[in-house]
Amino acid sequence: MKAARGPSLTRHLLAWALAALTLVWATFILFGYATGEHEADELTDGHLASVSSLLLPLGPEALRGNGRTAPPNGRDFKAHDYQRSLTVVSWDTQGRVLARTGDAPMPPFTPDEGFATLALGNPPEPWRTFARWDPEHEHKLMVLLSEAERDDLATDIAGQVIEPGLWLLPVVALVLGLAIHRGLRPLRALAAQVHALDTQGAQKVEAPVRFQELAATVDAINRLVDRYHAALTRERALANEFAHELRTPLASIALQARGIQDTPSGPAQQQALARLQEDALRAGEVLAHLLALARTSRAELDEAAETLDLDALARRVVSEFAPAAHAAGRELGLSSSGPFPLSGHPVLLELALRNLVQNALAHTPPGTQIEVELDPAGGILQVSDDGPLRTGSPGEATPAAVQPLRLGLGHRVVEKVAALHGATFEPDVPLPGQRRGWRLRFNTQRELQA
Amino acid sequence: MRVLVVEDDKGIAEGLAAHLSRAGHAVDCTPGIAPAWRALTAEAFDVVLLDLGLADGDGTDLLRRLRQAPAGRLPDPATPVLIMTARDQVSSRIAGLDLGADDYLTKPFDPDELAARMRALTRRLAGRAETTIRYGDLEMDPAARTVRRAGEPVELSAREFSVLLALIEARPHVLSRAQIEAKLYNWDSALESNAIEVHVHRLRRKLGDTLVRTVRGVGYYVPAEPGA
């Protein structure tokens, strides 16, 4: 048997694990970026404040140097990634610019102090500023940093946090894949075992299972194998029984035919002819049973169920068998309290009842009283006999017209018909007065509902 | 050949008995395991035709019991057994043969095929591969039940043929009258006390005095080599 091609569980698990990992990773990246930005904000604000604290006591002269302004572009001195280009502007109380370094557009003069974000230049760009007056309130210092530059810093920091993660992700995926592959090894081993099971030979999953999740599966599989094998054995036994029942009369027919061919006409030939006819009829009877049973296996039978009166059916069967039974020294009677309505299949129920009556006639000694009993209230159909009370060997002087199936096979036929009607078959039930009964118990509740 | 048919179907049992009797075999029929075991314990049979699905159990039980019986007394564990059954599955055939059956025939079967298989069984038991038996200028064909002497056919009755076949197959051992009777007659045969003497007498008349020798008070034998 070839394995059905489907998605691989390993790949499925790996995909889920990687998706989960990527999600977690992405969250970390977002947090990292947000943290980087926040820290960059803090850092630059702190930087602006520090620069103002440093320059303020020195006064505007410190910015002017030796009579010249500081280099207009701080970028010329850039030596470090985190070094920012700051612009510093100093005003007097009148708002006149005393000194200015850096390349930021000129901010408007206001008496306010502290941090602010100003839109400067044309087109306007955001700048982060920090302004302070000196303690004497004679001049004001403002330190400016381009927000774009600050964002670059934040991106840089966040990038540094994220980058190892991006490199690591494929490695982690590979390791994860190997781990999952190895972790699923017991499952693969179990799948291989289950796949190689020979259900015909009732082979079970024998290897010990270490994991409780798999143990339950193995238990279920083994139970199924047991059940399947039991059903298979039953079916085989039934097939064997039917083969025996059908081939026996055919073998007899072949022998009798040869006998007729080889012997001159006379009593011996007549006897062989009679036997031939009997065997042919018997083969026909077995075929009828076979066909009826084959039909019971068809699901559409459920739809073919009809309401019938078991009482009338039993009367018909009893009256059919009674003459042959009486001729062979058995008494066959019916005991019924009235109509027994039932939803079912008349042909199959008649088959079951005929089986029970035939068995009772064929497997009891002469003198036996056989009773077909019906109890509509209890949902019971029963064939009973007082065979144990009688002397003589069972089957002695079996009525010629009665060709029972072998006991085991007959019972299986009855069982199957009973199961189809939701009834139970109870064979050989001891009854008062040393009688014994073969009982079909119908589910009256179900019948009432139906 | 003495044949025991273990078969619970009356039609088959009677049909087999009639057919095999016409072929010159002595046939006894039993319907179940218990009477079959009694028969095997009481007498030696040349072949057992065994049905598997018997009323009182499975025929394989009888086969198993027979093969496990101690050698040297009845029932003879070496008795050839041919299973004739309705079970046609390969597994059933294998199981039957593994249990010690010598052959397996599925019902329904051709009566001639059964007879041929029985002959093959006895041939195998006697250790010969040829289908005919040669003894000097005598040639016996168990399948056709014919005898030729120097190429000329010799008319023998079914019983005479069976006596000759029994003695030639057993040569050079002496067979008692009872042993020869057991191969020729079933339980139901009304046997006259001098029946075997009569058959031997007729054989000597048709085939010459030197073929079948008498051991007085014991029985008859055919020498190992012709003219010995």
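Everything numeric here is computed off the predicted structure, so don't read it as measured data.

As a further point, take the overall build of chain A. What chain A contains, in helices and strands, is eleven helices and twelve strands. The buried share of chain A, taken over its 450 residues, is 27%. Restricting the contact set of chain A to residue pairs at least 6 apart, pairs at least 24 apart contribute 67%.

A word on the overall build of chain B. The number of helices and strands found in chain B is eight helices and 14 strands. Every one of the 228 residues in chain B was classed for burial, and the buried ones make up 38%. Here the contacts in chain B between residues at least 6 apart in sequence split such that 58% fall between residues at least 24 apart.

Moving on: helix H7 (residues 177–184) of chain B. Residues and elements named next belong to chain B. Of all the positions in H7, only Ile-180, Lys-183 and Leu-184 are classed as buried. Down the axis of H7, the buried side of the element spans an arc of 95 degrees, and every buried residue falls inside it. On its buried face, H7 sits against strand S1 (2–6), strand S2 (26–30), helix H6 (158–170), strand S12 (175–176) and helix H8 (195–207).

Moving on to the interface of chain A and chain B. Many authors give the size of an interface as the accessible area that is lost as the parts come together. Each partner contributes residues to the interface: chain A has 17 residues there, and chain B has 17 residues. Those elements giving two or more residues to the side of chain A that touches chain B turn out to be helix H5 (212–262) and helix H6 (267–296) of chain A. Looking at the side of chain A that touches chain B element by element, the count peaks at 15 residues for H5 of chain A. When the residues that make up the side of chain A that touches chain B are grouped by side-chain class, the tally is six nonpolar, six polar and five charged.

Quick look at the sheet that holds strand S14 (residues 219–221) of chain B now. Residues and elements named next belong to chain B. The three strands are arranged S12-S14-S13 in an open sheet whose pairing can be described as antiparallel. The outermost strands of the open sheet, each flanked by one partner alone, are S12 and strand S13 (213–215). Pairing between S12 and S14: two bridges, direction antiparallel. Its bridge partner lying in S14, Leu-175 is registered against Tyr-220.

Okay, the packing of helix H8 (residues 310–327) of chain A against helix H9 (residues 346–362) of chain A next. Any two packed helices are characterised by the angle at which their axes cross and by the distance between the axes. Residues and elements named next belong to chain A. The N-to-C vectors of H8 and H9 enclose an angle of 35 degrees; their axes lie 10 Å apart at closest approach. Seen along the crossing, H8 lies across H9 with a hand that is right-handed. Residue-level inspection shows Leu-310, Leu-313, Ala-314, Val-317, Phe-321 and Ala-325 of H8 in contact with H9, the latter providing Pro-346, Leu-349, Glu-350, Leu-353, Arg-354, Val-357 and Leu-361. Of the residues belonging to the contact of H8 with H9, the class tally is eleven nonpolar, no polar and two charged.

Residues and elements named next belong to chain A. Among the secondary structure elements, Ala-239 is positioned in helix H5. The class of Ala-239 is partly exposed, set by 13 C-beta atoms lying within 10 Å. Taking the C-alpha atoms as reference points, Ala-239 and Leu-290, 51 residues apart in sequence, are found 9.7 Å from one another.

The subject of this paragraph is the pairing of strand S12 (residues 435–441) of chain A. All names here are of chain A. Sheet analysis places strand S10 (residues 380–385) next to S12, joined by six bridges and oriented antiparallel. Note on S12: the bridge partner recorded for Leu-381 is Leu-440. The antiparallel hairpin formed by strand S11 (residues 424–431) and S12 contains three residues in its connecting segment, where Gly-433 sits at a positive phi of about 75 degrees.

Burial of nonpolar side chains together is a common tendency in soluble globular proteins. If you look at the biggest cluster of nonpolar residues, it comprises 61 residues, and the most contacted ones within it are Val-3, Val-5 and Leu-49 of chain B. Apart from the residues lying within four places of it in its own chain, the contact partners of Val-3 of chain B are Leu-20, His-25, Ala-26, Val-27, Phe-45, Asp-46, Val-47 and Leu-49 of chain B. Core analysis: the second largest hydrophobic core is formed by 35 residues, Leu-313, Leu-332, Leu-348 and Ala-423 of chain A among them.

All names here are of chain A. Here strand S3 (residues 114–120) runs beside strand S4 (residues 125–133); their pairing, made up of seven bridges, is antiparallel. Considered in S4, the bridge of Phe-115 is made with Phe-130. Here S3 folds back onto S4, and the loop between the two strands holds four residues, one of which, Gly-121, carries a positive phi near 85 degrees. Pairing of S4 with strand S5 (residues 139–146), which is carried by seven bridges, proceeds in the antiparallel orientation. The residue bridging Ala-131 from the neighbouring strand is Met-142, located in S5. Between the antiparallel neighbours S4 and S5 lie five residues, among them His-137 with a positive phi of about 60 degrees.

About the criteria used
Chains are numbered independently. Their residues run from 1 in the order of the written sequence. A letter from A marks each chain and a number from 1 marks each ligand, given out in the order of writing. Where local features are concerned, this predicted model is filtered to residues with pLDDT of at least 70; where side-chain atom pairs are given and counted, the filter is 80 or more; whole-chain, interface and lining totals use all residues. Going along the chain from the N terminus, every DSSP run of H or I of four or more residues is numbered as a helix, and every run of E of two or more is numbered as a strand. The burial criterion counts other C-beta atoms lying within 10 Å of a residue's C-beta, which is placed from the backbone; the residue is buried at 20 or more, exposed at 12 or fewer, and partly exposed between these limits. In this description, any two residues whose backbone-derived C-beta atoms lie within 7 Å of each other are considered to be in contact. Here, the arc refers to the directions that run from the helix axis to the C-beta atoms. Amino acids are sorted into nonpolar (Ala, Val, Leu, Ile, Met, Phe, Trp, Tyr, Cys and Pro), charged (Asp, Glu, Lys and Arg) and polar (every other residue, Gly among them). For two strands to count as paired, DSSP must find a minimum of two bridges between them. Only the stretch in contact is used when fitting a helix axis, every axis being a line fitted to C-alpha atoms; angles between N-to-C directions are given from 0 to 180 degrees. Each crossing gets its hand from how the near helix is turned against the far one by less than a right angle, where anticlockwise is left-handed and clockwise is right-handed. Any nonpolar core is a set of buried residues, restricted to Ala, Val, Leu, Ile, Met, Phe, Trp, Tyr and Cys, that join up through C-beta atoms within 7 Å.

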